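# Structural features, examined
Each chain, letter by letter, is given below.
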Amino acid sequence: AMRKVVSIVGAGNVGEHVASLIATKGFADIRLFDIPRKDGDKVFEPVKGKALDMKQMVAAMDVDTKIDGFTVTPEGEGYEPMVDSDIVVITAGFPRRPGMSREDLLEANIRILSTIIARVRQYAPNSILIIVTNPVDIMTYAAFKLSGFPASRVIGMAGVLDSARFKTFIAEELRVSPKDIHAYVIGGHGDEMVPLISISNVGGIPLKDLIPKDKLSELIERTRFGGGEIVNLMGTSAYYAPAAAVVDMVEALVTNSRRILPCSVYLDGEAGEYYGVKGFCVGVPVKLGANGVEEIIKVPMLEEERQMWNRSVESVKRSIEIAEVMLGEKS
Ligand code: APR
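What this report covers is the structure whose coordinates are included nearby. These numbers were taken from a predicted model, which means no experiment stands behind them.

## Let's talk about the overall build of the protein
Helices and strands together make up the secondary structure of the protein, namely 10 helices and 16 strands. Against the 2.2 N^0.38 benchmark of 20 Å for 331 residues, the protein shows a C-alpha radius of gyration of 19 Å, consistent with a compact globule. Its C-alpha atoms give the protein principal-axis dimensions of roughly 60 × 50 × 45 Å. Expressed as a percentage of its 331 residues, the buried residues of the protein come to 47%. Nonlocal contacts in the protein, meaning residues at least 24 apart in sequence, comprise 69% of its contacts between residues at least 6 apart. Of the accessible surface of the protein, which amounts to about 15600 Å², a share of 51% is contributed by carbon and sulfur atoms.

## Comments concerning unusual backbone geometry
A cis amide bond, omega -5°, links Asn134 with the succeeding residue Pro135. Position of Pro135 relative to the elements: it lies in the loop between strand E7 (128-131) and helix H4 (136-147). Phi is positive for Asp62, close to 60°, though the residue is something other than glycine. The phi torsion at Arg258 lies on the positive side, around 60°, for a residue other than glycine. By secondary structure assignment, the location of Arg258 is in the loop between helix H8 (240-254) and strand E14 (259-268). For Arg258, a relative accessible area of 45% gives the class partly exposed.

## Thoughts on the packing of helix H3 (residues 102-123) against H4
Their axes nearest at 9 Å, the elements H3 and H4 cross at an angle of 40°. Comparing their axes, H4 and H3 come out oblique. Between H3 and H4 the crossing geometry is right-handed. In this structure, H3 contributes Leu106, Asn109, Ile110, Leu113, Ser114, Ile117 and Arg121 to the contact, and H4 contributes Ile138, Met139, Ala142, Ala143, Leu146 and Ser147. Its residues assigned to classes, the contact of H3 with H4 shows 9 nonpolar, 3 polar and 1 charged.

## Description of the environment of Phe280
Examined against the element boundaries, Phe280 turns out to sit in strand E15 (residues 278-289). On the accessibility criterion, Phe280 (5% relative accessible area) is buried. Here the alpha-carbon distance between Phe280 and Tyr266, two residues 14 residues apart in the chain, equals 5.3 Å.

## Brief notes about the site of the ligand
With respect to spatial proximity, 17 residues lie near the ligand, and among them Asn13, Val14, Asp34, Thr91 and Asn134 are the closest. The backbone of Gly12 places a nitrogen or oxygen atom 3.4 Å from an oxygen atom of the ligand. In this structure, Asn134 approaches the ligand through a side-chain N or O atom, which is 2.8 Å from an oxygen atom. Protein burial of the ligand: of its 730 Å² of free accessible surface, 82% is covered by the chains. Of the residues in the shell around the ligand, the class split is 8 nonpolar, 8 polar and 1 charged.

## Considering the sheet that holds strand E13 (residues 205-206)
In spatial order, the strands read E9-E12-E13; together these 3 strands make up an open sheet with antiparallel pairing. The open sheet has two free edges, formed respectively by strand E9 (181-182) and E13, since each of these has just one partner strand. Summarising the sheet, strand E12 (residues 201-202) and E13 pair through 2 bridges and their orientation is antiparallel. Bridge pairing in E13 links Val202 to Ile205.

## Details of the pairing of strand E1 (residues 5-9)
In terms of burial, E1 is largely enclosed, as 5 of its 5 residues are buried. Residues Val5, Ser7 and Val9 of E1 are buried on one face, and the alternating residues Val6 and Ile8, pointing to the opposite face, are buried as well. As for the winding sense of the linkage, the β-α-β connection from E1 through helix H1 (residues 13-25) to strand E2 (residues 29-34) is right-handed. Pairing analysis gives 4 bridges linking E1 to strand E6 (residues 87-90), with the strands arranged parallel. Paired with Val6 across the bridge in E6 is Ile87.

## A short note on the pattern of salt bridges
A full pass over the atoms with the stated rule returns 15 salt bridges. Between Lys25 and Glu251 there is a salt bridge, with its nearest N and O atoms 3.2 Å apart. Highlighted residues: Lys25 in helix H1 and Glu251 in helix H8, separated in sequence by 226 residues. Judged by relative accessible area, Glu251 falls into the partly exposed class, the value being 25%. Residues participating in the shared-partner salt-bridge network are Lys55, Lys66 and Asp68.

About the cut-offs
- Residues numbered from 1 in each chain as written.
- Predicted model: local features only at pLDDT ≥ 70, side-chain atom pairs only at ≥ 80, totals over all residues.
- Heavy atoms only, no water.
- Helix = DSSP H or I, 4+ residues; strand = E, 2+ residues; numbered from the N terminus.
- Rg over C-alpha atoms; globule rule 2.2 N^0.38 Å.
- Buried < 20%, exposed > 50% of the residue type's maximum accessible area, 1.4 Å probe, protein only.
- Contact = heavy atoms within 4.5 Å.
- Areas by Shrake-Rupley, 256 points an atom, 1.4 Å probe, with all protein chains shown as cover.
- Axes fitted to C-alpha atoms, helices over the stretch in contact; angles between N-to-C directions.
- Parallel < 35°, antiparallel > 145°, perpendicular 65-115°, else oblique.
- Left-handed = near helix turned anticlockwise from the far one by under 90°.
- Nonpolar A, V, L, I, M, F, W, Y, C, P; charged D, E, K, R; others polar.
- Near = heavy atom within 4 Å.
- Polar contact = N/O pair within 3.5 Å; in protein donor to acceptor, adjacent residues only side chain to side chain.
- Pairing = 2+ DSSP bridges.
- Right-handed = clockwise from strand over helix to strand, strands pointing away.
- Salt bridge = Lys/Arg side-chain N within 4 Å of Asp/Glu carboxyl O.

Below you can see the structure in the form of C-alpha cells.
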C-alpha cells in the first residue's frame, strides 16, 4: 500500500512537533501548511524552512519520511498540495492575547477554521480531521458542522493529553512506569474535565486502592490545571505532550490499531444511557481505526463521576450555544 499522507495546517509549536515526531517514527509522509511571517518589510516562510530542516533531520537519522512545507494565505490560497491527504491535523489559530475575551478568540479561530475546512473539503474530502486548536471541543464541533464529514472523521485532541498528564503525576507518586498505568480523562477539555477514577488502574490494581483519597484529589487538581502550570512556567502553552498526544491518535488511525483513546467527538445520543449527550462534541473513550472513530466506548460511571460529567458537559454545551450563533452568521 502507498504510504499514508498526513497534512498539518499550522506549523507552530504543536504542529512542528507533530511533524517531527511522525518523521522520527517514519510511519507517514508529511505536508506542512502555514502562513508567512512578516518582520518589517522582510517576509519569511518559516513553514518551508522547518520542512527543509526536518528533511535533513531524517536524512541524518536514516529514516524514510517525506516532508514538505507550503506557504498558504489566510484567505485560503496555496492548499493544492493537500490533495488526497489521509489525515489533516489542524492546529492553526491565534493564542489568547491580553485584552482578548474567550469569545473574541473563539470568533477569530472559527474564522480561520472555516477557510481551512473549505480547502479540506476541496482537496481531501475523504480525510480524517484531527482538531487541536482551542477551545478544542468547540472547534471540533465547528469543524464537524463546516465540513459536513461524518462524525467518525472529525476528532478533537484533548483526552489523550489530559490522560498523559494524569499518568505522569500518578507515575511519579507511585514510582512506577507510566506504561503500566491506565487512566482515562474524559469530558470537556477545561477545568471541569473528568478523571475516571473507578476504571483507572496501575498494573490492573484499582487506582483508589493505591493512592489515598487526599493525595488523589491533589493529583486530579494538578491534572486539571496541567496546561496552566506549564503556561505559567514557559509563558506560552505546552507543545511536547500535546504533539505526542496527536501522534498517538494519528498512529492509531494510520496503522488501524483499534486503540482505545479518549477523544472529543460529536455525539448524537450514542451510548445515551452512559453519556446523555446529543448534538455537540465532548471527550469520551473511542476506538480508533483506519476509518476514524469505529466505536464509542461505554464507560459506567460512579455517582460522583457522573455529577462531574454532567457539570463538564453543561459547560461545553453553553460554549457551543455561543459558537452556534457565530456559525449561523457564517452560512
Ligand atoms: N492558516 C494557516 N496557519 C495559520 C493561520 C491560518 N489562517 N493562522 C495562524 N496560523 C498558524 C500560525 O502562523 C502558527 O504557526 O497557526 C500556528 C499556531 O501555532 P502557535 O501559535 O505556535 O500555537 P501552538 O502552541 O502550536 O498551539 C496551537 O493548539 O493546543 C492548542 O491552544 C493551542 O489553539 C492552540 C493550538
